[in-house]
Amino acid sequence: MNCRNFKAKVAHYVDQELSGSEMIAMQHHCRDCSECACELKREQELKSMLASLQAPQPSAEFESKLFDAVRAQGNQVQPVRIWRPWRTAAVAAIAGAAIVFGALQTIDRKPALAQSDPIDFSADQAVQGTQDPFGGTPVVTVSSGQP
Amino acid sequence: MQSLFANPTQTQRPDPAAFERYMRDSHRQVYGLAMRLTGQSSDAEDLVQEAYIRAFRFFFRYDPSLPFTSWMYRILTNIHIDHNRRKGRVKASSLDHAGSDGETAWEVADESSSPDKLVMEGELDDALQLGLMAMCPEFRMAVVLADVEGMAYEEIADVMQTSIGTVRSRIHRGRKQMRRYLEREFPERFREVARELP
Ligand SMILES: [Zn+2]
């Protein structure tokens, strides 16, 4: 183990992500080399400072804003359909009939989703298989038993 | 090989109340990660919101035998990477930032990394956050997951959807960038470790 090797591996040594023999070689080297011992100390210092960072707290309104936004999304998303002219015409005809029917009837409509209602997933079901949740990044398969 | 995501049948309906429970239990932690990655509360809130909206739409693909926060982290980090790419910060591999593994990284481009903005010596958390912002976004992500979140490289590779080798390289180079920045901008605090030694 030379200084160059030590410095290349010091991050992984601090993270305990080296093999047992590499860990021992690192220990031996920094016992004999004050420059690398110093390098190790600074790396450890940085890691422990980052580990002790205070967890940032969201603003008081954030939780309700977040829940409202997700619920609103649940109401907005329309099922994805393949456009077929004949079908559009048929749907228009049915819709026309429904309007006439609706005018003749008093229909009790459910109001828009209230704040306390659970999220409605029904509209989202149709998007299944059309997109992936990672914004266009291919979904990578990983070995079983993780994370 | 098995996907991280469950592969439910068409008839399987997600439980809407379950999503809200997951969201309630995880959003503070997810916000914490977003804050470390963006350095700004408004950006963090937007990022978290977008991540939960996406998670909500794809909740049927979530496998409840795996931790929900890991799934959220994966979605959030992907959105964050996409945002950075869209901002045009991605540069063709430069000698400075391109890794030996050939990956592309961003130039240090965050305006928020200017130390004269608000941070005084003595405010360690702020100095560290500036140090995080001084890293390329993908390096920052790996370092935050390793050091702030305490994840093993294998978990980080899973969240960032990359190889362990890439994670190693990002952590090594990210910490180097951060240390160089902190030692330059806050010499009093970050060089004292070196002086203590013979
Ligand atoms: Zn040495």
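Structure's up top.
Conventions and cut-offs
Residues numbered from 1 in each chain as written. Chains lettered and ligands numbered in written order. Predicted model: local features only at pLDDT ≥ 70, side-chain atom pairs only at ≥ 80, totals over all residues. Heavy atoms only, no water. Salt bridge = Lys/Arg side-chain N within 4 Å of Asp/Glu carboxyl O. Helix = DSSP H or I, 4+ residues; strand = E, 2+ residues; numbered from the N terminus. Buried < 20%, exposed > 50% of the residue type's maximum accessible area, 1.4 Å probe, protein only. Contact = heavy atoms within 4.5 Å.

Enquirer: Before we go on, may I ask you to explain the pattern of salt bridges in this structure?
Expert: Side chains that carry opposite charge are capable of pairing whenever their charged atoms lie near each other. This model, assessed by the stated rule, comprises 21 salt bridges over all chains. Across the pair B:R24 and B:E20 runs a salt bridge whose closest N-O atoms are separated by 3.9 Å. Placement of both B:R24 and B:E20 in helix α1 (residues 16-38) is noted, with a separation of four residues, approximately one turn of the helix. For B:R24, a relative accessible area of 42% translates into the label partly exposed. Using a relative accessible area of 9% as the deciding quantity, one classes B:E20 as buried. With its nearest N and O atoms 3.8 Å apart, the salt bridge here joins B:R179 to B:E183. Highlighted residues: B:R179 and B:E183, both in helix α7 (residues 164-185), separated by four residues, approximately one helical turn. Relative accessible area serves as the criterion here: at 13%, B:E183 is assigned to the buried category. Bridged by salt links that share partners, the residues A:D15, A:E39, A:R42, A:E43, A:K47, B:D147, B:R175, B:R179 and B:E183 form one connected network.

Enquirer: Looking at this structure, how should I read helix α5 (residues 137-148) of chain B?
Expert: The buried fraction of α5(B) is high, at eleven of twelve residues. Among the residues making up α5(B), those that are buried are B:P137, B:E138, B:F139, B:R140, B:M141, B:A142, B:V143, B:V144, B:L145, B:A146 and B:D147. Against α3 (34-51) of chain A together with α1, α3 (68-86), α4 (124-133), α6 (153-159) and α7 of chain B lie the buried residues of α5(B). Where α5(B) ends, the next residue or the one after it, B:G150, has phi of about 70°, a positive value.

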